[in-house]
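Fold and contact review
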Amino acid sequence: MIQLLHTPFHERTELLCQPKNWRRWAGYLVAGSYEMSLDREYWAIRNTAALIDVSPLMKYLITGVDAALLLNRVVTRDIDKLQVGQVYYTGWCDEDGKMIDDGTLSRLDETTYRLTSAEPSLRWLTMNAVGLELEITEITDSMAALSLQGPNSSSVLNRCCDNPVDEIKYFRLMHNELDGIPISISRTGYTGDLGYEIWIDAKDALPVWDALIAAGHDFGILPVGILAMDMARVEAGLFMIESDYTSSDHAWIKAQQSSPFELGLGWTVNLDKPGYFVGRPALAREQREGSTWKLMGLEVEWDGLEALFKDVGLPPQILSMAIRASLPVRSGKKQIGYVSTATWSPLLKKYIALAHLQKPYFEPGTNLRMEVTVQHHRQYAPARVVTLPFYEPEWKKR
Amino acid sequence: MTVNHYDAIVIGGGHNGLVAAAYLARAGKKVVVLERREIVGGAAVTEEIIPGFKFTEFSYVVSLLRPEIIRELELPKHGLKILPLPSTFAPMDNGDYLGLWDDPDLTRRELYRHSPLDAEAYDAYSRAMGRAAKAIKPLISLIPPDPSSLHPRDLMGLLKLGQYAAGLSEKELYMIAKLVTQSAGDMLEEWFETDVLLGTKAASGVVGTLLGPRSAGTAYVLLHHYMGEIDGAFRAWGFAKGGTGGVSGAIANAALALGAEIRVGSSVAQVIVKKGRAAGVALDNGDELQSKVVFSAADPKRTFLQFVDPKYFPDEFIQSIKNFRTLGSSGKLNLALSELPDFTALPGEGPLHRGAISISPSLDYIERAYDEAKYGQFSRRPFIDMIIPSAIDPDMAPPGQHVASCFIQYAPYDLEGGWDDAKKEAFAETVISTLEIYAPNIRRTIVGKQVITPVDIERIAGITGGNIFHGEMLLNQIFFLRPVAGWADFRTPLRGYYLAASGAHPGGGVMGAAGKLSVQEALKDGLL
Ligand SMILES: Cc1cc2nc3c(=O)[nH]c(=O)nc-3n(C[C@H](O)[C@H](O)[C@H](O)COP(=O)(O)OP(=O)(O)OC[C@H]3O[C@@H](n4cnc5c(N)ncnc54)[C@H](O)[C@@H]3O)c2cc1C
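Please read all numbers here as calculations on a predicted model, not as lab measurements.

**Observations regarding the overall build of chain B**
Helix and strand counts for chain B come out as 18 helices and 18 strands. Relative to the 2.2 N^0.38 estimate, which gives 24 Å for 528 residues, the radius of gyration of chain B is 22 Å and therefore close to what a compact globule would have. With the C-alpha coordinates of chain B rotated into their principal frame, the extents come out at 70 × 55 × 45 Å. The buried share among the 528 residues of chain B stands at 63%. The contacts of chain B with a sequence gap of at least 6 include a subset with a gap of at least 24, amounting to 72%.

**A look at empty space enclosed by the protein**
All names here are of chain A. Applying the stated criterion across every chain, the model contains 3 cavities of 30 Å³ or more. As a volume, the largest cavity reaches approximately 60 Å³. Listing elements by their share of the lining of the largest cavity, those giving two or more residues are β3 (28–31) and β4 (49–53). For the lining of the largest cavity, the leading source of residues is β3, giving 3 residues. Per-class residue counts for the lining of the largest cavity are 8 nonpolar, 3 polar and 1 charged.

**Digging into the site of the ligand**
Residues and elements named next belong to chain B. What surrounds the ligand is a group of 38 residues, the closest being Asn16, Glu35, Val61, His470 and Ser502. Take Val61: an N or O atom from its main chain is 2.7 Å from a nitrogen atom of the ligand. At 3.3 Å, a backbone N or O of Ala461 approaches an oxygen atom of the ligand. When the free accessible area of the ligand is taken as 1,000 Å², the share hidden by the protein chains comes to 97%. Every element with two or more residues in the shell around the ligand is listed here: α1 (15–26) and α17 (454–461). By residue class, the composition of the shell around the ligand is 19 nonpolar, 15 polar and 4 charged.

**Brief notes about the packing of α1(B) against helix α10 (residues 245–257) of chain B**
Residues and elements named next belong to chain B. At a closest axis distance of 8 Å, the pairing of α1 and α10 adopts a crossing angle of 25°. When the interaxial angle is binned, α1 and α10 end up roughly parallel. In the packing of α1 onto α10, the handedness of the crossing is left-handed. On α10, the residues that touch His15, Leu18, Val19 and Ala22 of α1 are Ser248, Ile251, Ala252 and Ala255. Residue composition of the contact of α1 with α10, grouped by class: 6 nonpolar, 2 polar and no charged.

**A word on the pattern of salt bridges**
All names here are of chain B. For the coordinates displayed, the defined rule picks out 50 salt bridges over all chains. In this structure, the salt-bridge partner of Lys292 is Asp7, at a minimum N-O distance of 2.9 Å. Highlighted residues: Lys292 in strand β12 (residues 288–296) and Asp7 in strand β1 (residues 5–11), separated in sequence by 285 residues. We classify Lys292 as partly exposed; its relative accessible area is 37%. On the basis of relative accessible area, Asp7 is assigned to the buried category, the value being 15%. Measuring nitrogen to oxygen at the nearest pair gives 3.5 Å for the salt bridge that ties Arg444 to Glu339. On the criterion of sequence distance, the pair formed by Arg444 in helix α16 (residues 442–445) and Glu339 in the loop between β13 (330–337) and β14 (356–359) is long-range, its members being 105 residues apart. Residue classification places Arg444 among the exposed positions, given a relative accessible area of 61%.

**Some remarks on the interface of chain A and chain B**
Every contact between the two is made by 26 residues of chain A and, on the other side, 22 residues of chain B. Taking both partners together, chain A and chain B bury about 2,100 Å²; carbon and sulfur atoms supply 54% of that area. The interface formed by chain A and chain B holds 13 residue pairs in polar contact (both at pLDDT 80 or more) in total. Looking at the side of chain A that touches chain B element by element, the count peaks at 4 residues for helix α4 (residues 122–128) of chain A. Partitioning the side of chain A that touches chain B into residue classes produces 14 nonpolar, 7 polar and 5 charged.

**Some thoughts on the sheet that holds strand β10 (residues 143–149) of chain A**
Residue and element names in this part refer to chain A. Across the sheet, which stays open at both edges, the 6 strands sit in the order β11-β12-β13-β10-β4-β14 with mixed pairing between neighbours. Strands with a single pairing partner mark the edges of an open sheet, and in this sheet they are β11 (173–178) and β14 (221–223). For this sheet, the mean angle separating the axes of adjacent strands, direction not counted, is 25°. As defined by bridge partners, β11 adjoins strand β12 (residues 181–186) across 6 bridges and the pair is classed as antiparallel.

About the cut-offs
- Starting from 1, residues in each chain are numbered consecutively following that chain's sequence as written.
- Lettering of chains starts at A and numbering of ligands starts at 1, both following the order in which they are written.
- In view of the model being predicted, local features appear only for residues whose pLDDT reaches at least 70, and side-chain atom pairs are presented and counted only at 80 or more, with totals across whole chains, interfaces and linings using the full set of residues.
- To obtain the side-chain values, all non-hydrogen atoms of the structure were included, while hydrogens and water were left out.
- Each helix corresponds to a stretch of at least 4 residues labelled H or I by DSSP, and each strand to a stretch of at least 2 residues labelled E; elements are numbered beginning at the N terminus.
- When we talk radius of gyration, it's over C-alpha atoms, and the globule rule is simply 2.2 Å times the number of residues to the 0.38.
- Categorising residues by exposure relies on relative accessible area from a 1.4 Å probe, with only protein chains included: less than 20% of the type maximum marks a residue as buried, more than 50% marks it as exposed, and the intermediate range marks it as partly exposed.
- Any pair of residues with heavy atoms lying within 4.5 Å of one another is described as a contacting pair.
- Cavities and pockets are found on a 1 Å grid laid over the protein atoms alone: a cavity is a set of points where a 1.4 Å probe fits but cannot escape, a pocket is an open set with protein on both sides within 12 Å along at least five of seven lines, and a lining residue has an atom within 4 Å of such a point.
- Grid points are joined across faces, edges and corners, and a volume is the space filled by probe spheres set on the points.
- By the convention adopted, Pro, Cys, Tyr, Trp, Phe, Met, Ile, Leu, Val and Ala count as nonpolar, Lys, Arg, Asp and Glu as charged, and the other residues, Gly among them, as polar.
- For this purpose, a residue is taken to be near a molecule or strand whenever a single non-hydrogen atom of the residue falls within 4 Å of it.
- Distance and chemistry together define a polar contact, namely a pair of N or O atoms within 3.5 Å, with one atom able to donate a hydrogen and the other to accept it when in protein, and with adjacent residues in sequence counting only for side-chain atoms on both sides.
- The accessible surface values rely on the Shrake-Rupley method and a 1.4 Å probe; as for residues, cover is taken only from the protein chains in view.
- Working convention: axes come from line fits to C-alpha atoms, limited for helices to the stretch in contact. Angles between N-to-C directions cover 0 to 180 degrees.
- Oblique is the label for every angle not falling under 35 degrees (roughly parallel), over 145 degrees (roughly antiparallel), or within 65 to 115 degrees (roughly perpendicular).
- By convention, the crossing between two helices is left-handed when the near helix turns anticlockwise from the far helix through less than a right angle, and right-handed when the turn is clockwise.
- Salt bridges are counted wherever a side-chain nitrogen of Lys or Arg sits within 4 Å of a carboxyl oxygen of Asp or Glu.
- Two parts placed together each lose some accessible area; with a 1.4 Å probe, that loss summed over both constitutes the buried area.
- Any two strands between which DSSP finds at least two bridges are classified as paired.

This is how it looks when you write it as structure tokens:
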């Protein structure tokens, strides 16, 4: 194996990807964008329907009478409450209550679950499953996945699927058929808009792609790469492993690790569930004592930004895509945190960022300053702490 | 006569001796290096044994050369280039192969073919080893503390060691505890299940020892080899431009530029002792040179049993040096090739030729190879670590032709009945017929060869016993025990006499650390 892998949609995406800006994702190549500029792709997410190849997601099927036992032990959420046809977003931690990875967990039937993750997780699952009656099957390569995101996404699916998708509630899933091909559709996504993820046997990938493109024509469907998705996910306040936090598995030092509380995932830590789960004692302690860091939104104040550029005779320069870079955040002269991803929001017309802030600076409304580069000089623009997400249309969960 | 008066004399022009001389010159001292051979470099030499074909004769990869030495001696200015050696390719008996490429995604996917669990364990293992190496590596640059001493210097060292330990997590401490006690085989089997992966990793745990992967203590050697991999962007694993002789050449040039003198063809017979102090040397040809201090950058046995009258050392010290394990277990076959070897598992010219090629199909294979050596035979099916220098640096061979460097284990110094030409030839034949299993064209591409046994290492490079590291790198011979407990700080019981080569802390490998650290210590003693 001396080449990166192609996803099951490569035959299509290869012809569509004009800038040839392939990005690496978990050992696969995916399109950064299909068009030269990200504008139309971003607006497809927010205004019509965006078709995104998310096949590289790691996927595992966990089946057996002890499947729930394993998952309850590994993830922080209460799996006994997860109903058939429901999906949970969850993180999982090490013994110290620090995040290893995050993903979605779907309950497909009484004893079958599908877990997605960003990093390979087979070994961690297997290590925790010793003595349990269950089977863990990695289906990363055999299952293709498409994310269809945007306000028109339900209309596209209704046109081509056997059963209407209107009945799928937020974070639920249904089995469906499309031209005789069985698919599973979950109302999930990574954009904070109305959206669905479609799970397909890899051998059926191309006909499903074609059917969606055909059905979506009248609704403004557009193949969209991961760069536009990156802008949308920041607006939605969604973080990404390795950009916004370091897996505790990969961290060299403790300071690189994050707990779910620090990442704003306190709501996914179900300390009221019975029994032991990995990281529980540490998480309970942290919940009691409070966290010293928190992931928050940061909105750069336009007037202040404009003034910095005006000083050198320039109009404010706007980012053309999300940047995954660490930018210092200060209160007065003191650094009290850092930004991990920043983007210009074309919809909100704001410069926004995901920021890791130290206590007590993470309270909403706190006035801070964030580094911006103005004509090769590092400057600090005034910015305000806000709660996440930056953007949440009322149709996202309706 | 003033021409033969020096501040310091360095015996031995191996890379450590050259580093020592460069640092002495840099400190403003008048220094001469005396090398018995006509070329410098010791075990780090490149020689054109067959016209047009340059053999990196002994040492062939560079992983541990200290970055601060490269910077301080400005080695790049003096010609040092360390080229990437990005991958490891291990052909298997069933015709398949394992490729560990220089990209984590590619390596994971490749391992996945063999075992999905190993694919993930590999990353976790690398990180665990990386963390352990990171924890131990700073100690290499420290003078090793002697826990039995109350000398403030040792206490400071222990304190620093303690601080490092305190900075480690419990998991890392356990990992280190295992590394220093387990066999390489046992430790690796806790992580992996794929035979060829186990074999390939285990092999690096036994390099330079006369032990098998199932022998206790070999896990540490794995870590030692990992140290080269944590210099991050520095990319320490590599092949030196011009072969490992390129490293010695650059250090020699740096030493000369700093004002050191290098004399080749100058074999030292004796260290001259005056008033209980090393005061110079006498050469084989009778010439005498005077100096304030003497550094021996030769192996410990010659340094203490041959160059100096034993009466200057305590009996116990002499006994410990005699017990120092220095018998070689590795050999080399250097080949001149008319074309690249073609591996049936991955035919044609490819990335495998630019990396290491490891014949190590399983742990049992390595252990069996050891079994034969244990009873005085060379392995019938040896572990072979091959690189093709000319595929990395085309200047190593005539255009279109190639050189191959095959490191071989096991080949015991104490071969039953002793080594002779017939046995050397049989040994070479064993290696070629082993390679032939995986690359059938190899035999007909050979246009010349050089066979090196431990006895040849002793004869040519001047390393007593022929051990590649001047003495095995096992736990009872490293840190504060190298070469002898209580004498791990480069000083010796003879005042003004210092050990400056691989037999001293931190040990073997082309790293230059002993050369540099010994000078650093000697300068504190006020004799210079
Ligand atoms: C076959 C082989 C393969 C190896 N592979 C690797 C590798 O891939 N990577 C790696 O990092 N390390 C490798 N090593 C180990 C490494 O090469 C050595 O540890 C290192 O080169 C030793 O350097 P040194 O300066 O300490 O001693 P040496 O290089 O042994 O230098 C000692 C010098 O002293 C000289 N000398 C001896 N007696 C006298 C005397 N009486 N008078 C004057 N001079 C004298 C010798 O001629 C020699 O030049 C290998 C070694 C061998 C033998």
